[in-house]
There are 2 protein chains.
Amino acid sequence: MPHDQRHPFSYPVAARYAGMASSPLKDIFALAARENVISFAGGIPDPQLFDLGAVTETYDWVLTHHGVRALQYGVSEGETELREQAARRLCRSLPTDASQIQVTSGSQEGLFVIAQAMLEPGDVVLVESPTYLAAVQAFSVHGARIIGVDTDDDGVLPEALDEAIRTHHPKFVYLIPTFQNPTGRTMPMARRQAVAEVLLRTEVPLIEDDPYGELSFTGGTWAPIASLPGMSERTLLLNSMSKLMSPGLRIGWVRAEGTIRDTLSVAKAAISMQSSVIDQLTVARYLETQDLDAHVATVSAVYRERRDAMAAAIGRVLPDSAHVTHPDGGMFLWAALGDGYDAQAMLTDAVEAGVAYLPGWSFFADHADVSTMRLSFVTHSPAVIEDGISRLGEVIARHG
Amino acid sequence: MPHDQRHPFSYPVAARYAGMASSPLKDIFALAARENVISFAGGIPDPQLFDLGAVTETYDWVLTHHGVRALQYGVSEGETELREQAARRLCRSLPTDASQIQVTSGSQEGLFVIAQAMLEPGDVVLVESPTYLAAVQAFSVHGARIIGVDTDDDGVLPEALDEAIRTHHPKFVYLIPTFQNPTGRTMPMARRQAVAEVLLRTEVPLIEDDPYGELSFTGGTWAPIASLPGMSERTLLLNSMSKLMSPGLRIGWVRAEGTIRDTLSVAKAAISMQSSVIDQLTVARYLETQDLDAHVATVSAVYRERRDAMAAAIGRVLPDSAHVTHPDGGMFLWAALGDGYDAQAMLTDAVEAGVAYLPGWSFFADHADVSTMRLSFVTHSPAVIEDGISRLGEVIARHG
């Protein structure tokens, strides 16, 4: 066999992943994970707030009462009990039948399933500028061109959306209307209505991502754009248990009316056959027997204190040129330092000073504002947050 | 808003899923699931043989000892303990480091991840004729052209493979060398060596799918083609816990040498971020503390009795024109009834007579032999198998 005399073997890699074996974000997270660094970089729930006792009991109940079923193959659309519980929760803002639910292994798979089912190479997807970077990736690897639409503190600008639709004829629009990642912004009702009007008039489908909506600090709840008149039939609405119950279980779902739900199920089958049956049955049983709302209220109260701590601290250290969001829920705060600042370039110094954040450039599909940074306020106590932001303040002052 | 006066909204569907909202196979499985039908159609493990007690204890152990970690985000390549256990098992036939393991949500996601990482539209993939239909789908939705290569009872023919490679310049070759789905065939060592020689000479990568290899009825084990000299660096080898421990947990892995493993991880992240952390930790702990080999030996002994029952019964009812495989392991037996028979057309009569199978046409990428059928022997007891095959015999006789 002649292989020993030849060059080392190398697999052909599809263009969509060419040069992506490592990512700058991975390097950033590695930096942020260093000892003695207070990291605001990640978007991970505080594990101390997990409802571990009830989850453990629920796994045991499922294995005791439905063990054989939990270990056997299930169906691609998802287990009936979970689809029913998902529909029940959705019904609080939007009439939903269990048959309209496609279970996915977290929202990431939901976004990927939608992209598989709908996108052709060369299609345009419109997104908020900035937006969730892993969604952009799920669309990009399907050959879509991602175009950012201008936003203000109330979310995407309806006029800009209208113009972008007329210019680019997108396959769909992707929005995170409530406690957005990365900005923490929420679209008020009037803005939601204006956006819906544009989408109805132009007949462009909406992908509405809502992983954070229940993490409200005001007690208020936000009706999804999907619940506005005429919108439910043209909106694929994504929910996830990751931020409310546990990200480790990888359970989310897509609400879809009409035959597109069947197409999503066929795509889901091609991708991963079905989601973990035991995890699905456990989430279903948890939603049936536990008070998730009470649990989420507890979590949100803790996160609100931390939001307050971060908002107060950062107000003291930001330069006059800066603009910072004040989220009413969710996990993130977004700061634009203003002209002359480069959050990526500043990161090495920040880590040296013992604090880390996510530079904002990675959340822009195009025309990145390099002075921006995303700060998660959910991981640390108020005291640690104050310490971290004060360290950040020194670094910002040096770079001013 | 003008939407009410218009046609009902309809989502654009990507060409790869156009017309796939329902599948003929789904209809077949619905038929097979009817009451009083003895179904040999599915490929599902016998749930009575699940090691439910130990699995339940293991979930409890993981949640008690690593609960917070089990519920938190993990990493795209998979949890360290699981990758170590996977490597340990692989080392019995092929030196493997944990860093060479990419965890996937079952082998289906493994196939999809590989397709994402490697395939461009228009690429050719060579497969055995017949082969596993869900693999074909994972490749097809990436725009690949699937071409079947001729086989005999020892698997793919090396000369035919050589010629197909020279004619079609495939991106990779996909093979299931041991207890193949759908035929139950196994490639002997000499054939494996001849196939490896072709792949080494032509420098075409191999995707080697091995979900059934441990379900051996002879006590013999089969070294993967990946373990032959020169092959490990050019073979992506897939294993799955679905047929050995539980399909409901959706845990499998891909063994990959070199930088392609990083690319697989990036693709996995885009598709589903990571597999269920709790399921990964549970499988890892199970593999560490339980004797999976002993469990698999018990399962295999039961399946062997059923293979014997089906082989004996079917020998009595097949026409002279038929050819049937005699699997040394796995779950399936494959019968070609011969010229003039149409297994799909015969299925309605079969279900009427109280027996179901999977018509073989769906397992061919091209040039289907419509007289073929796949029969799973693992689901029913020998007595039920004899009853079912005797019903099938009457139907075959009527169609002869």
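Residues numbered from 1 in each chain as written. Chains lettered and ligands numbered in written order. Predicted model: local features only at pLDDT ≥ 70, side-chain atom pairs only at ≥ 80, totals over all residues. Heavy atoms only, no water.

K.L.:
Describe the relation of the copies chain B and chain A, and please don't skip the residues or the numbers.
P.N.:
Its rotation angle being 180 degrees, the transformation that places chain B on chain A also includes 0.0 Å of axial translation and leaves an RMSD of 0.0 Å. A rotation of that kind, with that shift, is consistent with a two-fold axis. Most of the interface of chain B is mirrored in chain A: 100% of its interface residues are interface residues there too. (Least-squares fit on C-alpha atoms with pLDDT ≥ 70 in both. Contact = heavy atoms within 4.5 Å.)

K.L.:
So what's going on with the sheet that holds strand β9 (residues 235-240) of chain B? Which residues, and what values?
P.N.:
Residues and elements named next belong to chain B. Judged by pairing direction, the sheet is mixed, and its seven strands sit side by side in the order β2-β10-β9-β8-β7-β3-β4 without closing on themselves. Bordering the open sheet on either side are β2 (101-104) and β4 (145-149), each of which pairs with just one other strand. Within this sheet the neighbouring strands show an average axis-to-axis angle of 20 degrees, counted without direction. Sheet analysis places strand β8 (residues 206-209) next to β9, joined by four bridges and oriented parallel. Residue Glu 208 lies in a different strand from β9, and its bridge partner there is Leu 237. Here helix α8 (residues 260-272) sits on the sheet and contacts β2, β9 and β10 (252-255); the angle it forms with β2, its principal contact strand, is near 20 degrees. (Pairing = 2+ DSSP bridges. Helix = DSSP H or I, 4+ residues; strand = E, 2+ residues; numbered from the N terminus. Axes fitted to C-alpha atoms, helices over the stretch in contact; angles between N-to-C directions.)

K.L.:
Lay out helix α11 (residues 343-352) of chain A with the relevant residues and their values.
P.N.:
Residues and elements named next belong to chain A. Three or more residues of α11 are buried, namely Ala 343, Met 346, Leu 347, Ala 350 and Val 351. The arc that holds the buried residues of α11, viewed along the axis, is 140 degrees, so those residues lie on one side. Here α11 starts with a cap whose side-chain oxygen sits 3.0 Å from the backbone nitrogen of Gln 344, and that cap is Asp 342. Downstream of α11 by a residue or two, Gly 354 has a phi angle that is positive, lying close to 90 degrees. (Buried < 20%, exposed > 50% of the residue type's maximum accessible area, 1.4 Å probe, protein only. Arc of directions from axis to C-beta. Polar contact = N/O pair within 3.5 Å; in protein donor to acceptor, adjacent residues only side chain to side chain.)

K.L.:
With reference to specific residues and values, describe the pattern of salt bridges.
P.N.:
For the coordinates displayed, the defined rule picks out 38 salt bridges over all chains. Residues B:Arg234 and B:Glu233 are paired through a salt bridge, measuring 3.0 Å at the closest nitrogen-oxygen approach. On the basis of relative accessible area, B:Arg234 is assigned to the buried category, the value being 1%. In this structure, the salt-bridge partner of B:Asp308 is B:Arg307, at a minimum N-O distance of 2.9 Å. Look at the salt bridges and you will find they share partners, linking A:Arg89, A:Arg92, A:Glu214 and A:Asp293 into a network. (Salt bridge = Lys/Arg side-chain N within 4 Å of Asp/Glu carboxyl O.)

K.L.:
An account of empty space enclosed by the protein is requested, with residue identities and associated values reported.
P.N.:
All told, the structure shown has seven cavities of 30 Å³ or more when counted by the stated rule. Its boundaries defined by the atoms lining it, the largest cavity holds a volume of some 150 Å³. As for the largest cavity, its lining consists of 16 residues, and the residues nearest its centre are B:Ser107, B:Gln108, B:Tyr132, B:Pro211 and B:Lys243. No other element matches the three residues that helix α4 (residues 106-118) of chain B contributes to the lining of the largest cavity. Classifying every residue of the lining of the largest cavity gives eight nonpolar, five polar and three charged. Taken as a whole, the second largest cavity spans an internal volume of roughly 90 Å³. Lining the second largest cavity are 15 residues; nearest its centre among them are A:Ser105, A:Arg250, A:Ser276, B:Ser105 and B:Ser276. (1 Å grid on protein atoms, 1.4 Å probe; cavity = no way out; pocket = protein on both sides within 12 Å on 5 of 7 lines; lining within 4 Å. Points joined across faces, edges and corners; volume = space filled by probe spheres on them. Nonpolar A, V, L, I, M, F, W, Y, C, P; charged D, E, K, R; others polar.)

K.L.:
So what's going on with helix α12 (residues 382-399) of chain B? Which residues, and what values?
P.N.:
Residue and element names in this part refer to chain B. With 18 residues, α12 should reach 26 Å at 1.5 Å per residue; the first-to-last C-alpha distance of 25 Å fits that figure. Among the residues of α12, those classed as buried are Ile 385, Gly 388, Ile 389, Leu 392, Gly 393, Val 395 and Ile 396. Contact partners of the buried residues in α12: β1 (38-39), α10 (292-317), α11 (343-352), β13 (355-356) and β15 (372-376). (Expected span 1.5 Å × (residues − 1).)

K.L.:
I'd like to hear about the interface of chain B and chain A, residue by residue, with values.
P.N.:
Often, the extent of an interface is quoted as the loss of accessible area upon association of its parts. In this complex, chain B contributes 84 residues to the contact, which on the side of chain A involves 84 residues. Between chain B and chain A the total buried area reaches about 7,500 Å² when both faces are included, carbon and sulfur atoms providing 63% of it. Among the residues chain B hides against chain A, the three largest losses belong to B:Phe9, B:Tyr11 and B:Leu71. Together they make up 11% of the total. There are zero salt bridges connecting chain B and chain A. Linking chain B with chain A are 32 residue pairs in polar contact (both at pLDDT 80 or more). Listing elements by their share of the side of chain B that touches chain A, those giving two or more residues are α2 (52-71), α4, α5 (133-140), α7 (189-202), β9, α8 and α9 (277-289) of chain B. The leading source of residues in the side of chain B that touches chain A is α2(B), at 10 residues. (Buried area = accessible area lost by both parts, 1.4 Å probe.)

K.L.:
I'd like a rundown of the sheet that holds strand β14 (residues 358-359) of chain A, residues and numbers included.
P.N.:
All names here are of chain A. Spatially, four strands are ordered β11-β12-β15-β14 in an open sheet, and the strand pairing comes out antiparallel. Single-partner strands in this sheet number two, and they are β11 (323-324) and β14. As paired elements, β14 and strand β15 (residues 372-376) share two bridges and run antiparallel to each other. From the neighbouring strand, Pro 359 faces β15, where its bridge partner is Met 373.

K.L.:
Provide a residue-level description of the packing of helix α2 (residues 52-71) of chain A against α2(B), including the pertinent values.
P.N.:
Close contact between α2(A) and α2(B) brings their axes to 10 Å; oriented N to C, the two are set at 155 degrees. Comparing their axes, α2(B) and α2(A) come out roughly antiparallel. Classified by chirality, the crossing of α2(B) by α2(A) is right-handed. Here A:Leu52, A:Val55, A:Thr56, A:Tyr59, A:Asp60, A:Leu63, A:Gly67, A:Val68 and A:Leu71 of α2(A) come into contact with α2(B), specifically with B:Leu52, B:Val55, B:Thr56, B:Tyr59, B:Asp60, B:Leu63, B:Gly67, B:Val68 and B:Leu71. The residue inventory of the contact of α2(A) with α2(B), partitioned by class, reads 12 nonpolar, four polar and two charged. (Parallel < 35°, antiparallel > 145°, perpendicular 65-115°, else oblique. Left-handed = near helix turned anticlockwise from the far one by under 90°.)

K.L.:
Kindly report on the packing of aromatic side chains, identifying the contributing residues and their values.
P.N.:
All names here are of chain B. Tallied over the entire structure, the rule returns 16 aromatic pairs over all chains. A centroid spacing of 5.1 Å and a plane angle of 85 degrees characterise the contact between Phe 9 and Tyr 11, whose relative ring orientation is edge-to-face. Among the residues examined, Phe 9 registers a relative accessible area of 13% and is labelled buried. Aromatic pair Phe 139 and Phe 172: ring centres 5.2 Å apart, planes at 70 degrees, arrangement edge-to-face. (Phe/Tyr/Trp six-rings, centres within 6.5 Å; stacked < 30°, edge-to-face > 60°.)

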